[in-house]
Each structure stands twice: as structure tokens, then as C-alpha cells.
Amino acid sequence: MGEVDPAFIQDPEHRPRLVVIEGEGIPLIDLSPAISTSERLAREIGGACSEWGFFQVINHGVPLECRQKLESAARKFFGQDVEEKRKVRRNETSVLGYFDAENTKNVRDWKEVFDVAVQEPTVVPVSTDPADDRVVEWFNRWPLYPSELREACEEYSREVEKLAHKMLELIALSLGLAANSLNVYFKDHQTTFMRLNHYPPCPSPTLALGVGRHKDGGALTVLAQDEVGGLEVRKKSDGEWIRVKPTPGAFIINVGDIVQVWSNDKYESVEHRVMVNSEKERFSIAFFLNPAHYTVVKPLDELIDENNAPKFKSYNWGKFMTHRKDSAFTKQNVENIQTHHFRMQE
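Described below are features of the structure shown in this document. The structure displayed is predicted, hence computed values, not measured ones. (Residues numbered from 1 in each chain as written. Predicted model: local features only at pLDDT ≥ 70, side-chain atom pairs only at ≥ 80, totals over all residues. Heavy atoms only, no water.)

1. With respect to the overall build of the chain
Helix and strand counts for the chain come out as seven helices and 17 strands. Across the 346 residues that make up the chain, the buried fraction comes to 51%. (Helix = DSSP H or I, 4+ residues; strand = E, 2+ residues; numbered from the N terminus. Buried < 20%, exposed > 50% of the residue type's maximum accessible area, 1.4 Å probe, protein only.)

Dropping the structure here:
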């Protein structure tokens, strides 16, 4: 991965804080139907979304073997020489596949990843221009080795997608909506994708980050992290960073910007980051549930009344996603687009 960028040491805005609260953690929710009704789960998840924006789930129904199969294949892929991995390296025209720090503008992130679209092809706008309605198709790029990686990714994505939609239904119930009210945004042309992450050991872990602080732009994220851990969540109440202790077999769920807008700020997309380790490598699998490219994101009509005015202007998800993709390869003259840019003026 190279040396830690010297400029990073001088950048207090992004340098990791050393003070992290231990012994606390995000809520842990048991999804077992034997002990939890939909109403109870909706209340628990609603509370977790409101207070934290993050929670963990156990007894979620995703087979352990499915996860283990993909983790094994990911380790084989990332264990190859970099020249082999870069044969499926992403670029401006093929945005899926492998990339590392040298393939991005943000050299401070100490990681390498492999991106996979859940729906193939994934259809997205060509341009951010509102008048341009052309679309382009994204296709996955699969390496020759390991041969089982594709099957493992496809099997895992099918199982985790079921879990993601179950979470979406419970979130809808917690907002007082029908359970299936949000499903319409994901029926056709969804832009959901998975990211396999590998964080090699870092010689200077206090001077680098696996992933810098950020919020997720999509609807929901379902994360599987290994026993090494490293995910930290910024607590809403006081801004302190909370280390998420790995729970065997659990998945971590977090609210994305789209759910924040849909809920009109009742639920908030929360900042998080990943710390690196000086001795151990870390693996994780992130599943980003995203709607169809033509989705217009705005506060849900059912939640708006004279006492709860819209707090966000509407925006096109596909155009938003295309802007993010373009900024990964070309330096923009303005700040990368964020959901807060669509917030209504007070």
C-alpha cells in the first residue's frame, strides 16, 4: 500500500482522534421470529435509527456458509500480486472491479476494494445534465482467479438483499407507513452494489485511516466485518467516536442519506470511519442498497403536513450517483455533491 502520506499528518480535519469511547456500542437487535414480532422490531429499529443511525442484527437468516464462502474467495483474490488484481482494475468507462489508493484521489484511505453490481447490467445516467436523458450500462469485471468469486458474490448478494429489504420494511413500519411502501423504488433497475474491502496492516495506524469519515449516500448499508474490527461511528449526542465491537455472525446496518431525506430528518445518516491495524489485516463486505436511477428522492408525502414541512429539495438519484462516480476520477471545481446541498434554507 506504500507509505503514509506526509500531508495527512498535517491535516487535523481528517486525522483520527485518539480518544474513542470503549465499552459502549450501537444497539444489537435479535431478529428471531421466536422472540420478536414485526411491531416490536419496528419500535426497536426505529429507536436505533433515531438515536444512532446504526444497529447490529443477529438471527438474521443469512446462512453462515454463504458469508464464509465469499470471505474465503475475497481473501484469495486480494492475496494475489497487485499486477494480477489490476487486470480487472476499474477506470472511467468500466467503473466496477478492483481499485486501490493509487486508483483514487484519496490516497489517505489505507485499503483496496473490489466492486460488484448486484443487478447486471446496472443502468445509470450518462451525464449529470438534467436535460440529458441518455443512460449507460455498467457490467461487472470478474477475475480469472479465484474461479469461485463470481458465484460466491451472486449467492451472497441474493441472501443479503432479502435481509436489506426486510430492514427497509421494518423502517417503513417504524415511520407509520405500510411495510411495502418503499419497495417500489427498488423493483426495476436498482443500482445496488457490493464492495469487498481489504485493509492491509498499516505501519503507522495513528496516521492513516482505512476509510476516512463519511456518510453513505444510498438507502441502507449492510456490513459484514471480520473479528479484527475497526469500524467507528460518530455518536449523535456528543460527537464522540464509538468503536463497534465485532459480534460473531452479526450484520451492521446503517441508515443512508436517502432514508434521512425520506424520513424528513427523523432518521439521520451518521458519519463513520474505519481504523487500521498495525499487525492484522482486516476484511469486510459492504452491501449498499440503492434505488433505480430514475428515482426522485424527496421527503415522503405521507410524512409531510402543516406541522412538518419538507426539509429537503428533491433530487434525481441517478444524476447524484453519476456525479459521485465522475468525481472519483476527475477533480471537480466544486465540493463533491452531498445530500446537505439539497437541504431547504431555514
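Here the narrative resumes.
2. Looking at the nonpolar core
Ranked by internal contacts, the top residues of the largest apolar core, which has 68 residues, are Phe114, Met167 and Phe251. A total of twelve residues in this core trace back to one element, the largest contributor, which is helix α5 (residues 149–174). With residues up to four places along the chain from it excluded, the contact list for Phe114 reads Phe77, Phe78, Val88, Gly97, Tyr98, Arg141, Trp142, Pro143, Leu149, Met194, Arg195 and Leu196. (Core = buried A, V, L, I, M, F, W, Y, C linked by side-chain atoms within 4.5 Å. Contact = heavy atoms within 4.5 Å.)

3. Focus: the side chain of Gln190
The topology assignment puts Gln190 in the loop between α5 and β8 (193–199). The class of Gln190 is buried, set by a relative accessible area of 6%. Residues within four places of Gln190 in sequence aside, it is in contact with Gln119, Thr122, Glu161, Leu289, Asn290, Pro291 and Ala292.

4. As for the packing of aromatic side chains
In this structure the tally under the stated criterion is 13 aromatic pairs. Seen in terms of ring centroids, Phe78 and Phe283 are 6.4 Å apart; in terms of plane orientation they differ by 45°. Their pairing is tilted. Of the two residues, Phe78 is situated in helix α3 (residues 64–78) and Phe283 in strand β15 (residues 282–289); the sequence distance between them amounts to 205 residues. Neither residue differs from the other here; Phe78 and Phe283 are each classed as buried. Members of the aromatic cluster, each reached through a chain of ring pairs, are Phe77, Phe78, Tyr98, Phe114, Trp142 and Phe283. Between Arg67 and the ring centre of Phe251, over which it is positioned, the NZ or CZ distance is 5.1 Å. Sitting above the plane of the Trp241 ring, Arg273 keeps its charged end 4.1 Å from the centroid. (Phe/Tyr/Trp six-rings, centres within 6.5 Å; stacked < 30°, edge-to-face > 60°. Lys NZ or Arg CZ within 6 Å of the ring centre and 35° of its normal.)

5. Notes on α3
With 15 residues, α3 should reach 21 Å at 1.5 Å per residue; the first-to-last C-alpha distance of 21 Å fits that figure. Listed as buried for α3 are Cys66, Arg67, Leu70, Ala73, Ala74, Phe77 and Phe78. Around the axis of α3, the buried residues are gathered within 135° of arc, so they sit on the same side. (Expected span 1.5 Å × (residues − 1). Arc of directions from axis to C-beta.)

6. Regarding the pattern of salt bridges
According to the stated counting rule, one finds 21 salt bridges in the structure shown. Between Asp226 and Arg75 there is a salt bridge, with its nearest N and O atoms 3.9 Å apart. Highlighted residues: Asp226 in the loop between β10 (220–225) and β11 (231–234) and Arg75 in helix α3, separated in sequence by 151 residues. Among the residues examined, Asp226 registers a relative accessible area of 7% and is labelled buried. (Salt bridge = Lys/Arg side-chain N within 4 Å of Asp/Glu carboxyl O.)

7. Side note on the packing of helix α2 (residues 38–51) against α5
In the contact formed by α2 and α5, the axes pass within 8 Å of each other and the chain directions differ by 85°. The angle between the axes of α2 and α5 places the two elements in the roughly perpendicular class. Here Ser38, Leu41, Ala42, Ile45, Gly46 and Cys49 of α2 lie close against α5, whose contacting residues are Met167, Leu170, Ile171, Leu173 and Ser174. Residues of the contact of α2 with α5, tallied by class, amount to eight nonpolar, three polar and no charged. (Axes fitted to C-alpha atoms, helices over the stretch in contact; angles between N-to-C directions. Parallel < 35°, antiparallel > 145°, perpendicular 65-115°, else oblique. Nonpolar A, V, L, I, M, F, W, Y, C, P; charged D, E, K, R; others polar.)

8. A look at the sheet that holds strand β5 (residues 112–117)
Sheet strands pair via backbone hydrogen bonds, and the direction of the pair is either parallel or antiparallel. Across the sheet, which stays open at both edges, the eight strands sit in the order β2-β3-β13-β10-β15-β8-β5-β4 with mixed pairing between neighbours. Looking at strand neighbours, the two that pair on one side only are β2 (28–30) and β4 (97–100), the edges of this open sheet. Between one strand axis and the next, the sheet turns by 25° as a mean value, whatever way the strands run. Pairing of β8 with β15 involves seven bridges; the strand directions are antiparallel. In the strand pairing of β15, Phe193 is matched with Phe288. Along the sheet, α2 contacts β2, β3 (54–58) and β13 (251–255); its crossing angle with β2, the most-contacted strand, is approximately 165°. (Pairing = 2+ DSSP bridges.)

9. Description of the pairing of β11
Note: β11 against strand β14 (residues 272–274), three bridges, orientation antiparallel. Looking across to β14, one finds that Glu232 is bridged to Arg273. The sheet contact formed by β11 and strand β12 (residues 241–243) spans three bridges and is antiparallel. Looking at β12, one finds that Arg234 is bridged to Trp241. Between the end of β11 and the start of β12, which pair antiparallel, lie six residues, with Gly239 showing a positive phi angle near 80°.

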